[in-house]
Amino acid sequence: MAHYQSMGSIPPKRHTQHRRPAGRGKVGELYYEELMGEEGFSSDSSLLYHRNIPSTIVDAREWAIGDLSTTPNHPLKPLHLQPHALFDSARTVKQTDVVTGRRLLLGNGDVRISYAVAGATSPWYRNGIGDECVYVERGAARVETVFGAFEVAQGDYVIIPRATTHRWIPKTSRKDPLRAYCIEANSHIAPPKRYLSKYGQLLEHSPYCERDLRVPRGPLLAEDVGAKEGDETEVYIKHRGSGPASSGGIVGTVHTLPFHPLDVVGWDGCLYPYVFNVRDYEPITGRVHQPPPVHQVFEGWNFVVCNFVPRKVDYHPLSIPVPYYHSNVDSDEVMFYVEGDYEARKGSGIGQGSISLHPGGHAHGPQPGAAEASIGAEYFDELAVMVDTFRPLDLGEGGLACDDGRYHLSWSGNRAKPADAAEVHSID
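Presented here is an overview of the structure given in this document. Everything numeric in this text was worked out from a predicted model, so none of it was measured.

1. Some words on the overall build of the protein
Then, in step 1: When helices and strands are counted, the protein shows three helices and 30 strands.
Then, in step 2: Relative to its length of 428 residues, the protein is compact, with a C-alpha radius of gyration of 23 Å against a globular reference of 22 Å.
Then, in step 3: Along the three orthogonal principal directions, the C-alpha set of the protein runs to about 90 × 50 × 50 Å.
Then, in step 4: For the protein, with 428 residues in total, the buried portion stands at 50%.
Then, in step 5: Sequence-distant contacts in the protein: of pairs separated by 6 or more residues, those separated by 24 or more amount to 76%.
Then, in step 6: Carbon and sulfur atoms form 51% of the exposed surface of the protein, whose accessible area is close to 20200 Å².
Then, in step 7: Both charge centroids of the protein, one from 42 positive and one from 53 negative side chains, sit 5 Å from each other.

2. Concerning the sheet that holds strand E16 (residues 213–214)
Then, in step 1: Spatial ordering of the open sheet is given by E5-E30-E7-E8-E15-E10-E13-E20-E16, a layout of nine strands whose pairing is antiparallel. In this open sheet, the two strands that pair with only one neighbour each are strand E5 (70–71) and E16.
Then, in step 2: Alignment of strand E8 (residues 111–118) against strand E15 (residues 178–185), held across eight bridges, turns out to be antiparallel. Looking across to E15, one finds that Val-111 is bridged to Ala-185.

3. Thoughts on the nonpolar core
Then, in step 1: With 52 residues, the main nonpolar core has Tyr-135, Tyr-157, Tyr-181, Tyr-208, Phe-298, Val-305 and Val-334 as its most contacted residues.
Then, in step 2: Top element by residues in this core is E8. It accounts for four residues.
Then, in step 3: Not counting chain neighbours up to four residues away, the residues in contact with Tyr-135 comprise Gly-155, Asp-156, Tyr-157, Arg-179, Ala-180, Tyr-181, Val-278, Phe-336, Val-338, Leu-383 and Val-385.
Then, in step 4: By size, the runner-up hydrophobic cluster in this structure holds 25 residues, among which are Leu-104, Val-158, Ile-250 and Val-275.

4. A closer look at empty space enclosed by the protein
Then, in step 1: Evaluation of the coordinates by the stated rule reveals two cavities of 30 Å³ or more.
Then, in step 2: Here the largest cavity defines a volume of roughly 180 Å³.
Then, in step 3: Contributions of two or more residues to the lining of the largest cavity are made by strand E25 (332–340) and strand E29 (382–389).
Then, in step 4: Grouping the constituent residues of the lining of the largest cavity by class yields ten nonpolar, five polar and five charged.
Then, in step 5: If you add up the space inside the second largest cavity, you get close to 70 Å³.
Then, in step 6: Every residue lining the second largest cavity is listed: Ile-284, Thr-285, Gly-286, His-289, Gln-290, His-295, Arg-311, Lys-312, Val-313, Asp-314, Pro-321 and Phe-380.

5. Observations concerning the pattern of salt bridges
Then, in step 1: Tallied over the entire structure, the rule returns 19 salt bridges.
Then, in step 2: Across the pair Glu-299 and Lys-193 runs a salt bridge whose closest N-O atoms are separated by 3.3 Å. In this pair, Glu-299 is assigned in strand E21 (residues 296–300) and Lys-193 in the loop between E15 and E16, connecting sequence segments 106 residues apart.
Then, in step 3: Of the charged contacts in the structure, one is a salt bridge between Glu-382 and Arg-311, with a shortest N-O distance of 3.0 Å. With a gap of 71 residues between them, Glu-382 in strand E29 and Arg-311 in strand E23 (residues 311–312) connect regions that are remote in the sequence. This pair shows no difference in class: Glu-382 is buried, exactly as Arg-311 is.

Quick notes on the rules
- Residues numbered from 1 in each chain as written.
- Predicted model: local features only at pLDDT ≥ 70, side-chain atom pairs only at ≥ 80, totals over all residues.
- Heavy atoms only, no water.
- Helix = DSSP H or I, 4+ residues; strand = E, 2+ residues; numbered from the N terminus.
- Rg over C-alpha atoms; globule rule 2.2 N^0.38 Å.
- Buried < 20%, exposed > 50% of the residue type's maximum accessible area, 1.4 Å probe, protein only.
- Contact = heavy atoms within 4.5 Å.
- Areas by Shrake-Rupley, 256 points an atom, 1.4 Å probe, with all protein chains shown as cover.
- Lys, Arg positive; Asp, Glu negative; His and termini not counted.
- Charge placed at Lys NZ, Arg CZ, Asp CG, Glu CD.
- Pairing = 2+ DSSP bridges.
- Core = buried A, V, L, I, M, F, W, Y, C linked by side-chain atoms within 4.5 Å.
- 1 Å grid on protein atoms, 1.4 Å probe; cavity = no way out; pocket = protein on both sides within 12 Å on 5 of 7 lines; lining within 4 Å.
- Points joined across faces, edges and corners; volume = space filled by probe spheres on them.
- Nonpolar A, V, L, I, M, F, W, Y, C, P; charged D, E, K, R; others polar.
- Salt bridge = Lys/Arg side-chain N within 4 Å of Asp/Glu carboxyl O.

Here you go:
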């Protein structure tokens, strides 16, 4: 995000001496400068000034990150996932955190989509594989990072750059836990390039601008969170490796630091976490139905993130407001239905909290009767988060556990072929 920020104590010129305050006539210790940058030294970066040497660790052990294995969606079917069912125990939620408690729903070599319902504070964590986009479905939390802190709540997208040390602290009750939809990239996540000038400014046709982005409040130091600078701390790291098949090639390590990770006295640059609330997204509408790219909010390598927000719908006198049938010939479409009534899916069993997967190779669109019923509608009160991928998505253990098993029949009135009429066809 090429939008320069400066926070806390930094020297007038980069890569020069920056020292701790000291008594009269004394020279304070140097702060330790860290460049956090993308794509080597060829893209966005920030300079962070630490009290301690950021490379220092005193121990390292394995973190068993859980089952990240995937199962192909074969035979090919559209799916209806019900992730709320994965966390139906109040005791489980109380002990679950947003980092270690994620259940993998869908994934491929470019992106993983998980879900968590959390009541516990997460460990300090950094994702060494790619950026994270965490959508807060319900509840509230404080997110503390080495760049500063955020207060986040319902509707917030939290964008966390790769290798940012942070933790999640839910601020909700047992009846209203933190519900998080986690999109983990193997790349960086940024606004779509078509929204940006060649210098990185969000342009006039973008559905949001820099004023809508919340940057962290900081600097945030150990004493600001009731800790001490010298407190030994564990940091959980997700990274690439050659672990067991159930890890999907992703492994975890816990580093023990001899100090608290919140030791950054200042930073500046164009790489940092930020928050964007979906209610600040200004929908693009037209006289006839607009295609999904007008709803795009972020992009990563081989995937995009879109949001469908409450909006005025098509106003041509003969318009059909719900989408036409379409074949995702190049992508899989994942839709997370957050709020409202999604007109195109009425009669399918999908409701708030549902997730649909419409895979490439299968034409999908409104349920029977939805197109006719939508004629004359002037406004859709719906909120959904969509991820489109350009490689097929497989099912994670969480996805397998919450699939309703019948969504693929919803266009035929749930009429399944009789079991005794089943046939086996060879493609030899």
